[in-house]
Amino acid sequence: MKIGFATDDSVHVNAHFGSASQIDVYEVTTQGFAFLEHLRFQGNLQEDGNEDKLAPKVQALRDCKIVYVTAIGGSAAGRLIGKNIMPIKIDTATARVQDLLKKMVTMLNGSPPPWLRKALSQQNLFEDDSFEVDMIEEEIAV
């Protein structure tokens, strides 16, 4: 499963989805994780209600199932969810990408929470897709 992280430094999840100039993408399995690519975005990325900047990001993330962000607007969240990409809002800009990846591997090897089961069901790895989700806010102890 591919997961994106809105980041300014490739270390922390520290960017708002709409204004992120970079999203790092990783492949995550029960065996571990591997870095795939830096998605870079240019132009007017200000948090100004400009909806035009969202389409290239959603398109670039089309193969991802999850994207971690510090914040995301309702329109952007709706667009991602419409493409079966689950936005997860992190409450702190000090959440480390590597820690979240390790946590994801642990969850995949255990009993995944309902929101993760929902993301996985979209890959036909789980049968139960009855859990409805708008957006996940995850608390990270750092």
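Before any of the text, the structure's been laid out above.
Residues numbered from 1 in each chain as written. Predicted model: local features only at pLDDT ≥ 70, side-chain atom pairs only at ≥ 80, totals over all residues. Heavy atoms only, no water.

Caption draft 1: Spatial organisation of the packing of helix H3 (residues 97–109) against helix H4 (residues 114–121). Remark: H3 packs on H4, axes separated minimally by 11 Å, with the N-to-C direction vectors making an angle of 80°. If you check the angle between H3 and H4, you find them roughly perpendicular. Counted together, Met104, Met107 and Leu108 of H3 and Trp115, Leu116 and Leu120 of H4 form the full contact between these two elements. Its residues placed into classes, the contact of H3 with H4 shows six nonpolar, no polar and no charged. (Axes fitted to C-alpha atoms, helices over the stretch in contact; angles between N-to-C directions. Helix = DSSP H or I, 4+ residues; strand = E, 2+ residues; numbered from the N terminus. Parallel < 35°, antiparallel > 145°, perpendicular 65-115°, else oblique. Contact = heavy atoms within 4.5 Å. Nonpolar A, V, L, I, M, F, W, Y, C, P; charged D, E, K, R; others polar.)

Caption draft 2: Structural view of the nonpolar core. Formed by 23 residues in total, the largest nonpolar core has its most connected members in Phe5, Ile66, Tyr68, Met104, Trp115 and Leu116. Counting residues per element, the ones that place at least two in this core are strand S1 (2–6), strand S3 (22–29), strand S5 (64–69), strand S6 (86–90), H3 and H4. With seven residues, the top contributor of residues to this core is H3. Val25, Val58, Leu80 and Ile85 belong to the second-largest nonpolar core, a separate cluster that totals 19 residues. (Core = buried A, V, L, I, M, F, W, Y, C linked by side-chain atoms within 4.5 Å. Buried < 20%, exposed > 50% of the residue type's maximum accessible area, 1.4 Å probe, protein only.)

Caption draft 3: Main features of the packing of aromatic side chains. The full count for this structure, using the stated rule, is four aromatic pairs. Ring centres of Phe5 and Tyr68 lie 5.2 Å apart, and the angle between their planes is 5°; this geometry places the pair in the stacked category. With Phe5 in strand S1 and Tyr68 in strand S5, this pair connects stretches of sequence that are 63 residues apart. Taking relative accessible area as the criterion, Tyr68 reaches 1% and is therefore assigned buried. Aromatic pair Tyr26 and Phe33: ring centres 6.3 Å apart, planes at 75°, arrangement edge-to-face. You can call Tyr26 buried: its relative accessible area is 7%. One aromatic cluster is present, built from ring pairs that chain together Phe5, Tyr26, Phe33, Phe35 and Tyr68. Note that Lys57 overlies the ring of Phe17, its terminal NZ or CZ placed 5.7 Å from the centroid. (Phe/Tyr/Trp six-rings, centres within 6.5 Å; stacked < 30°, edge-to-face > 60°. Lys NZ or Arg CZ within 6 Å of the ring centre and 35° of its normal.)

Caption draft 4: Representation of H3. Spanning 13 residues, H3 covers 19 Å between terminal C-alpha atoms, matching the ideal 18 Å at 1.5 Å per step. Within the span of H3, buried status applies to Val97, Leu100, Leu101, Met104, Val105, Met107 and Leu108. Buried residues of H3, viewed axially, fall in a sector of 160°; they line one side. (Expected span 1.5 Å × (residues − 1). Arc of directions from axis to C-beta.)

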